[in-house]
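Observations on the model geometry
Spelled out, the chains give:
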Amino acid sequence: VTLDESTEWLGIRPDATATRARYRLTARARLYRSGSADHAYQTETTAVSSYNRLDTPYAAIVSEQSARERAVIQVARTLETRLALFFDGRERPR
């Protein structure tokens, strides 16, 4: 699994500070055949989570961590479902 993350700043104030942010997490997963460099299955999923950029440092950190946690949980659940469908034979190899 390869993860890529990015943050986009939204809601810019007149003093050029952001009041809101959008966190994006993309996961690319590959399942390889045993003893081979060929992959049997691959998939990609992205989760987006927004959060407020608060003025107090502690609140800002907690808000950002919460957004990351929500995105990680969403990506993990999606990958879990797709792998379950693949092993059940309902999702075709890519």
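For the structure itself, look to the data block above.
Residues numbered from 1 in each chain as written. Predicted model: local features only at pLDDT ≥ 70, side-chain atom pairs only at ≥ 80, totals over all residues. Heavy atoms only, no water.

1. Digging into the environment of Gly-89
Position of Gly-89 among the secondary structure elements: in the segment after α1 (57-88). Relative accessible area serves as the criterion here: at 59%, Gly-89 is assigned to the exposed category. Counting along the chain gives 84 residues from Gly-89 to Glu-5, while the straight-line C-alpha distance between them is 31 Å. (Helix = DSSP H or I, 4+ residues; strand = E, 2+ residues; numbered from the N terminus. Buried < 20%, exposed > 50% of the residue type's maximum accessible area, 1.4 Å probe, protein only.)

2. Some remarks on the packing of aromatic side chains
Per the stated rule, a full pass over the model turns up two aromatic pairs. Look at Phe-86 and Phe-87: their rings are 5.3 Å apart centre to centre, the planes differ by 65 degrees, and that puts the pair in the edge-to-face class. Judged by its relative accessible area of 16%, Phe-86 is buried. What makes Phe-87 exposed here is its relative accessible area of 62%. Each member of the aromatic cluster is reached from another via a ring pair, and the members are Tyr-41, Phe-86 and Phe-87. (Phe/Tyr/Trp six-rings, centres within 6.5 Å; stacked < 30°, edge-to-face > 60°.)

3. Observations concerning the sheet that holds strand β2 (residues 18-32)
Taking strand neighbours across the sheet as the criterion, the three strands line up as β1-β2-β3 in an open arrangement whose pairing is antiparallel. Pairing within the sheet leaves two strands with one partner each, and these edge strands are β1 (2-12) and β3 (39-52). Taken pair by pair, the neighbouring strands of this sheet meet at an average axis angle of 15 degrees, ignoring direction. As paired elements, β2 and β3 share 13 bridges and run antiparallel to each other. Residue Thr-26 lies in a different strand from β3, and its bridge partner there is Thr-46. Sheet strands in contact with α1 are β1, β2 and β3, and its direction is about 155 degrees off that of β3. (Pairing = 2+ DSSP bridges. Axes fitted to C-alpha atoms, helices over the stretch in contact; angles between N-to-C directions. Contact = heavy atoms within 4.5 Å.)

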